[in-house]
Amino acid sequence: MSLASDGAQAVALVLGAGVAALFVLIGVVVIFAVIVRRAVRRRIDRHAPRIRGLVDDAASKARAYTRPGGVGEAARLRGAVRKSLDHTRRVLDAGYARDAQLGEARQLLDRLERFAAGLDTDLRMLEREPDPVRVDRELPQLRERAERVQHAAGSLRWAAQDRERDLAHDELDRLGRDVDQEVVALRETSQAAKEALGP
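Residues numbered from 1 in each chain as written. Predicted model: local features only at pLDDT ≥ 70, side-chain atom pairs only at ≥ 80, totals over all residues. Heavy atoms only, no water.

1. Focus: the nonpolar core
Counting residues in each nonpolar core, the largest one holds 23 residues, and the members touching the most others are Val-81, Leu-85, Leu-119 and Val-149. For this core, the leading source of residues is helix H4 (residues 132–197), giving eight residues. Not counting residues within four places of it along the chain, the set of residues in contact with Leu-119 comprises Val-81, Leu-142, Arg-145, Ala-146 and Val-149. (Core = buried A, V, L, I, M, F, W, Y, C linked by side-chain atoms within 4.5 Å. Buried < 20%, exposed > 50% of the residue type's maximum accessible area, 1.4 Å probe, protein only. Helix = DSSP H or I, 4+ residues; strand = E, 2+ residues; numbered from the N terminus. Contact = heavy atoms within 4.5 Å.)

2. Here's the deal with the environment of Gln-161
Structurally, Gln-161 is set in helix H4. Taking the relative accessible area as the measure of exposure, Gln-161 reaches 27% and is therefore partly exposed. In this structure Gln-161 touches His-87 and Val-91, once residues within four positions along its chain are discounted.

3. Examining the side chain of Ser-84
With respect to the helices, strands and loops of the structure, Ser-84 is situated in helix H2 (residues 69–96). For Ser-84, a relative accessible area of 10% corresponds to the buried category. Those residues in contact with Ser-84 that sit more than four places away from it in its chain are Gln-150, Ala-153, Gly-154 and Arg-157.

4. With respect to the environment of Arg-98
With respect to the element layout, Arg-98 can be found in the loop between H2 and helix H3 (103–127). Sequence separation between Arg-98 and Glu-164 is 66 residues; the distance between their C-alpha atoms is 9.1 Å.

5. Some remarks on the pattern of salt bridges
Per the counting criterion, the structure on display carries 13 salt bridges. The partner of Arg-148 in a salt bridge is Glu-144, and the shortest N-O contact between them spans 3.8 Å. Of this pair, Arg-148 and Glu-144 both sit in helix H4, four residues apart, roughly one helical turn. With a relative accessible area of 59%, Arg-148 lands in the exposed category. Using a relative accessible area of 40% as the deciding quantity, one classes Glu-144 as partly exposed. The partner of Arg-165 in a salt bridge is Asp-162, and the shortest N-O contact between them spans 2.3 Å. Linking Arg-165 with Asp-162, this pair stays in helix H4, spanning three residues, or about one helical turn. A residue is classified by how much of its surface remains accessible, and Arg-165, at 52% relative accessible area, is exposed. Connected through shared salt-bridge partners, Arg-78, Arg-82, Asp-120, Arg-124 and Glu-127 make up one network. (Salt bridge = Lys/Arg side-chain N within 4 Å of Asp/Glu carboxyl O.)

6. Side note on a positive patch on the surface
On the surface, a cluster of positive charge is contributed by Arg-37, Arg-38, Arg-41, Arg-42, Arg-43 and Arg-46. By secondary structure assignment, the location of Arg-41 is in helix H1 (residues 2–66). (Patch = residues over 30% accessible without salt bridge, like charges linked within 9 Å, V, L, I, M, F, W, Y side chains within 5 Å. Areas by Shrake-Rupley, 256 points an atom, 1.4 Å probe, with all protein chains shown as cover. Lys, Arg positive; Asp, Glu negative; His and termini not counted. Charge placed at Lys NZ, Arg CZ, Asp CG, Glu CD.)

7. Quick notes on a nonpolar patch on the surface
Among the surface-exposed residues, Val-19, Leu-22, Phe-23, Leu-25, Ile-26, Val-29, Val-30 and Val-34 lie close enough to one another that they form a single nonpolar patch of about 740 Å² accessible area. One can find Leu-22 in helix H1.

8. Examining the packing of H2 against H3
With their axes 10 Å apart at the nearest point, H2 and H3 run at an angle of 165° to one another. Considering their axes alone, H2 and H3 lie roughly antiparallel with respect to each other. Pair H2 / H3 crosses with left-handed handedness. Counted by class, the contact of H2 with H3 contains 15 nonpolar, two polar and 10 charged residues. (Axes fitted to C-alpha atoms, helices over the stretch in contact; angles between N-to-C directions. Parallel < 35°, antiparallel > 145°, perpendicular 65-115°, else oblique. Left-handed = near helix turned anticlockwise from the far one by under 90°. Nonpolar A, V, L, I, M, F, W, Y, C, P; charged D, E, K, R; others polar.)

9. A short note on the confidence of the model for the protein
When pLDDT is averaged along the protein, the result is 81; 80% of the residues meet or exceed 70. Between the elements of the protein, mean pLDDT differs from a low of 72, seen in H1, to a high of 91, seen in H3. (pLDDT = per-residue confidence, 0-100.)

So, in structure tokens, the structure goes:
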């Protein structure tokens with residue numbers, strides 16, 4: 001009788017331990033799932049604006065080529081402004097790595113990009129405007145703003161490129177002088193060595 005009782009207790013203990021281990025395993029899986037879900041959510045939140053921007057760019061490019069009139073022009077203007085600003089940003093950032101004097105130009109570009117963000121919003125709304133009369137009325141003013149932004153971005157870009165060319169030219173001049181001096185020094189050393197050895 002006591003053997004049966006001891007066996008039942010042992011089975012109960014094993015079952016209890018198994019159930020406890022199962023609950024611990026389920027708890028670990030749930031905690032792991034929550035951690036993974038949060039990490040995935042953070043990653044999605046971090047990349048969502050860029051993904052939305054890419055989708056919006058693709059839709060805008062499609063409108064630029066498929067929609068006639070003012071709507072298509074608004075889409076083309078958006079693309080042209082964005083392209084000009086992006087190209088200027090790349091030029092200034094690359095130049096700043098070699099020339100810290102471009103810091104103020106980068107700050108001006110930051111301001112220009114903030115202004116262009118408002119223009120982009122206006123152009124995007126115009127792209128989706130169903131009333132062609134309103135599109136035709138609003139477009140000239142937005143076109144003029146877009147052209148001014150592109151001109152300002154281009155001016156910064158061209159000035160930075162001109163500065164880089166001038167610095168490269170100056171550096172090449174200095175390098176040429178240093179090479180000439182070294183050539184003279186090497187020849188003098190060579191001539192002195194020959195004279196020291198004698199005929």
